[in-house]
Amino acid sequence: MASAIVIAFAGLVVTYLFLRFLLTFTQDAREPPSIANDVPFMSPLIGMIREKSQFYLRLRDTSKLPIYTLRLPFTRIYIVNSTDLIPSLQKQWRTISFAAIAADAGSVVGMSKAAVKVMHENITSEHGFSVSWPRFIVPAMSPGEDLDAMNRIAITEFAQETEKLRAKETAVIGLNEWSRRVMVTATTEAVWGPQNPYRETEVVEAWETFESNFLTFSMFPFAKFFFPKLYRARERVATAMVDYMRQGGYKTASGLVRKRFEHHHENFGLGIEDIARGELGNTFAVLGNSTPCALWVLFHIFSDGRVLQDICHELMALVQEADGICSIDLASIQTSCPILLSTFQETLRYRAVNPGPRVLIEDVLLDGRILLKKGSMLMIPAPVQHTSVSAWGNDAAKFDHMRFVRKPEPGQNKRINRVAFRAFGGGHILCPGRHFASNEIMALAALMVLQFDVVPVGNGAWAGPTWNNSPAQAGFPVPDEDIMVELRSRMSDKKWHVTYSGSTKALEIVAEDNATKVNSGLYV
């Protein structure tokens, strides 16, 4: 028995030493330092699973490195801590690629081998499928008729929902479940139009099943055999999307869907079924982050009396009252509600947990000295940048709804570094739907502030929810339990007339939205 224990222990020691040697031997001295190697190749994996986004914060604070390497089985990940490195990385978008990751997603949603091949062709060229389509849809998602139409439909849905709640005078809801349902309904109606396939409850439920576990589904070969429930959920949504496309639903959909169809079909020859499955994939972009973000915006507004008071004061100034009817044009919040916008941006900064992944298509020598190897992953985790003291100041760990509107105090020249604001990506990889999502979430928040008092059920005290079981791929934390609240109608004797006239001006949400200052090298 003793000899068996000795042999087993010796085997473990030999294995450990071999893995140590392998890690050291395969790590180039020019690469970012490799850390978290207590158990070679396994410690980073364990930390990522256990701690999620907190893992990167802990390593940033303990290592003090601008960039470092995590060695995992069969791959390595470079994690960026320093905001100063980001502009250099963004300039090399051809070789430090997000498009390659997007192309791989074609297989996850069941697109044909031929379509996936098209998605991978010319992956470093602006004329290739995966690089060109995000920019191809920008006109439909920039201020103008197409974006106005989407905003108008979403706001109409919000107004109808709040009107139903006002008719009850009081109502108890789960804030997470309610905000998600309302956002899904409004967003899918605005995007996919009169034949919206997500009008079917069964399709929405199938989508939610697939969304919550798609990362697991994407990581295993023969996933449909190992995860039949996820496969059936995916195929249910895919079938609905294929029917939608075959019936010409895209023809009466938003400019976004029409532009995607034009790009995929007319420019690159994809068939109807592949385009439909691509729309299934694009649902991640349409709903994946905006739905949980809406919850957190509502939470931060209503759980803090000062925030609520400041925003309510802004909004009430926009309300016109006559003959018992309160009217508001929600397009006006874009130019007249800087505190609401700042609160929205601060929620993104404070809550976003997206990892900002890229893949190295070729070896890259960053700043002429840091080697990033081909085939590796690179991540710019939002929490790392969003809690950087050098970028945001000593109060970076606190929620400050005035952060994005407050001017530096006398004698202070430092302004916040918006390059560190990563909620919508950055540089060449910038979310084209940010203006729609921002307008939509702020409009919902505005209607709730104007029309309801929101009080937690129970002792009336707000408590921040935990999110220990939030899916690893979530861009914003998903609470472990819902936040039960009572809605009490404000000004219940009044009727509301809600409109959206449109806007020609883009919100300055990220650094890239202010092209003049970005091009001149100034970050505000």
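Residues numbered from 1 in each chain as written. Predicted model: local features only at pLDDT ≥ 70, side-chain atom pairs only at ≥ 80, totals over all residues. Heavy atoms only, no water.

**Student:** Honestly, the sheet that holds strand β6 (residues 325-329) in this entry has me stumped. Any pointers?
**Tutor:** The pairing of strands in a sheet comes from backbone hydrogen bonds and takes either a parallel or an antiparallel form. Judged by pairing direction, the sheet is mixed, and its 3 strands sit side by side in the order β5-β6-β15 without closing on themselves. Each having just a single partner strand, β5 (320-322) and β15 (495-499) make up the two edges of the open sheet. When strand polarity is set aside, the average angle formed by the axes of neighbouring strands in this sheet is 20°. (Pairing = 2+ DSSP bridges. Helix = DSSP H or I, 4+ residues; strand = E, 2+ residues; numbered from the N terminus. Axes fitted to C-alpha atoms, helices over the stretch in contact; angles between N-to-C directions.)

**Student:** Explain the packing of helix α17 (residues 305-316) against helix α22 (residues 434-451) to me, please; I cannot follow it from the model alone.
**Tutor:** Relative placement of two packed helices is described by the angle separating their axes and the distance separating the axes. For the pair α17 and α22, interaxial distance at closest approach is 10 Å and the crossing angle is 95°. Relative to α22, the element α17 lies roughly perpendicular. Contacts from Leu308, Ile311, Cys312, Leu315 and Met316 of α17 reach α22 at Ala446, Val449 and Leu450. Each residue belonging to the contact of α17 with α22 can be placed in one class, and the counts come to 8 nonpolar, no polar and no charged. (Parallel < 35°, antiparallel > 145°, perpendicular 65-115°, else oblique. Contact = heavy atoms within 4.5 Å. Nonpolar A, V, L, I, M, F, W, Y, C, P; charged D, E, K, R; others polar.)

**Student:** Where do I start with the sheet that holds strand β14 (residues 484-489) in this structure?
**Tutor:** Spatial ordering of the open sheet is given by β4-β14-β13, a layout of 3 strands whose pairing is antiparallel. Looking at strand neighbours, the two that pair on one side only are β4 (170-174) and β13 (452-456), the edges of this open sheet. Neighbour-to-neighbour, the strand axes of the sheet open up by a mean angle of 25°, direction not taken into account. Relative to β14, β13 runs antiparallel, the two being bridged by 5 bridges.

**Student:** Explain the packing of helix α16 (residues 290-302) against helix α19 (residues 338-351) here, please?
**Tutor:** Close contact between α16 and α19 brings their axes to 9 Å; oriented N to C, the two are set at 115°. Crossing angle aside, the handedness with which α16 passes α19 is right-handed. Only Leu340, Thr343, Phe344, Thr347, Leu348, Tyr350 and Arg351 of α19 make contact with α16, whose side of the interface consists of Cys293, Trp296, Val297, Phe299, His300 and Ile301. Its residues placed into classes, the contact of α16 with α19 shows 9 nonpolar, 3 polar and 1 charged. (Left-handed = near helix turned anticlockwise from the far one by under 90°.)

**Student:** Just to check I follow, could you spell out a nonpolar patch on the surface for this structure?
**Tutor:** Nonpolar side chains collect at one region of the surface, where Phe18, Phe21, Leu22 and Phe25 lie side by side and expose about 460 Å² of accessible area between them. Of the residues examined, Phe25 reaches a relative accessible area of 64% and is grouped as exposed. (Patch = residues over 30% accessible without salt bridge, like charges linked within 9 Å, V, L, I, M, F, W, Y side chains within 5 Å. Areas by Shrake-Rupley, 256 points an atom, 1.4 Å probe, with all protein chains shown as cover. Salt bridge = Lys/Arg side-chain N within 4 Å of Asp/Glu carboxyl O. Buried < 20%, exposed > 50% of the residue type's maximum accessible area, 1.4 Å probe, protein only.)

**Student:** Could you clarify how one ought to interpret the nonpolar core in this entry?
**Tutor:** The nonpolar side chains of soluble globular proteins are, as a tendency, buried together. One finds Ile301, Leu315, Leu330, Leu340, Phe344 and Met448 to be the most contacted residues of the largest nonpolar core, which totals 125 residues. By residue number, the principal contributor to this core is α22, which donates 11 residues. Met448 has contacts with Thr162, Trp178, Leu298, Phe302, Val454 and Leu487, leaving out every residue within four places of it along the chain. The next biggest cluster of nonpolar side chains, apart from the first, holds 15 residues, and it includes Tyr78, Leu85, Ile86 and Leu366. (Core = buried A, V, L, I, M, F, W, Y, C linked by side-chain atoms within 4.5 Å.)

**Student:** Would you mind showing me how to read the environment of Thr499 here?
**Tutor:** For Thr499, the position within the fold is in strand β15. Along the sequence, Thr499 and Thr185 sit 314 residues apart, while their C-alpha atoms lie 18 Å from each other. Beyond its immediate sequence surroundings of up to four residues, Thr499 is in contact with Ile328, Asp329, Leu330 and Ala331.

**Student:** For this particular structure, what's the right way to read the packing of aromatic side chains?
**Tutor:** Each aromatic ring pair is characterised by the separation of its centres together with the angle its planes make. Under the definition given, this model contains 16 aromatic pairs. Ring centres of Trp192 and Tyr198 lie 5.3 Å apart, and the angle between their planes is 55°; this geometry places the pair in the tilted category. Members of the aromatic cluster, joined through ring pairs, are Trp207, Phe210, Phe214, Phe217 and Phe284. We note Arg349 situated over the ring of Trp392; from NZ or CZ to the ring centre the distance is 5.5 Å. (Phe/Tyr/Trp six-rings, centres within 6.5 Å; stacked < 30°, edge-to-face > 60°. Lys NZ or Arg CZ within 6 Å of the ring centre and 35° of its normal.)

**Student:** I'm lost on helix α6 (residues 113-120) in this one. Help?
**Tutor:** Every α-helix winds through 3.6 residues per turn, so residues three or four apart in the chain are directed the same way. Within the sequence span of α6, burial applies to Ala115, Val116, Val118 and Met119. Along the long axis of α6, the arc covered by the buried residues comes to 155°, so they all point the same way. Those residues of α6 that are exposed and aimed more than 90 degrees away from the buried face are Lys113, Ala114 and Lys117. Asn122 sits one or two positions beyond α6 and adopts a positive phi of about 50°. (Arc of directions from axis to C-beta.)

**Student:** Honestly, the confidence of the model for the protein in this entry has me stumped. Any pointers?
**Tutor:** Low pLDDT means the predicted coordinates in that region are not meant to be read closely. Per-residue confidence for the protein gives a mean pLDDT of 91; residues scoring 70 or more make up 96%. In the model, residues 516-524 has pLDDT below 50 throughout and makes 12 contacts with residues more than four positions away in sequence or in other chains. (pLDDT = per-residue confidence, 0-100.)

**Student:** Sorry, what's going on with the pairing of strand β2 (residues 75-80) here?
**Tutor:** In the case of a regular strand, side chains alternate between the two sheet surfaces. Most of β2 is tucked away, with 5 of its 6 residues classed as buried. The sheet contact formed by strand β1 (residues 67-72) and β2 spans 6 bridges and is antiparallel. Opposite Tyr68, over in β2, you have Ile79 as the bridge partner. Bridging between β2 and strand β10 (residues 377-379) involves 3 bridges; their strand directions are parallel. Across the sheet, the residue bridging to Ile77 is Met377, located in β10.

**Student:** So what exactly am I meant to see when it comes to the pattern of salt bridges here?
**Tutor:** Opposite charge on two side chains allows them to pair when their charged atoms are near. Overall, the coordinates contain 27 salt bridges when judged by the stated rule. The partner of Arg277 in a salt bridge is Glu235, with the nearest N and O atoms 2.7 Å apart. Here Glu235 lies in helix α13 (residues 228-246) and Arg277 lies in helix α15 (residues 272-287), a separation of 42 residues in the sequence. With a relative accessible area of 8%, Arg277 lands in the buried category.

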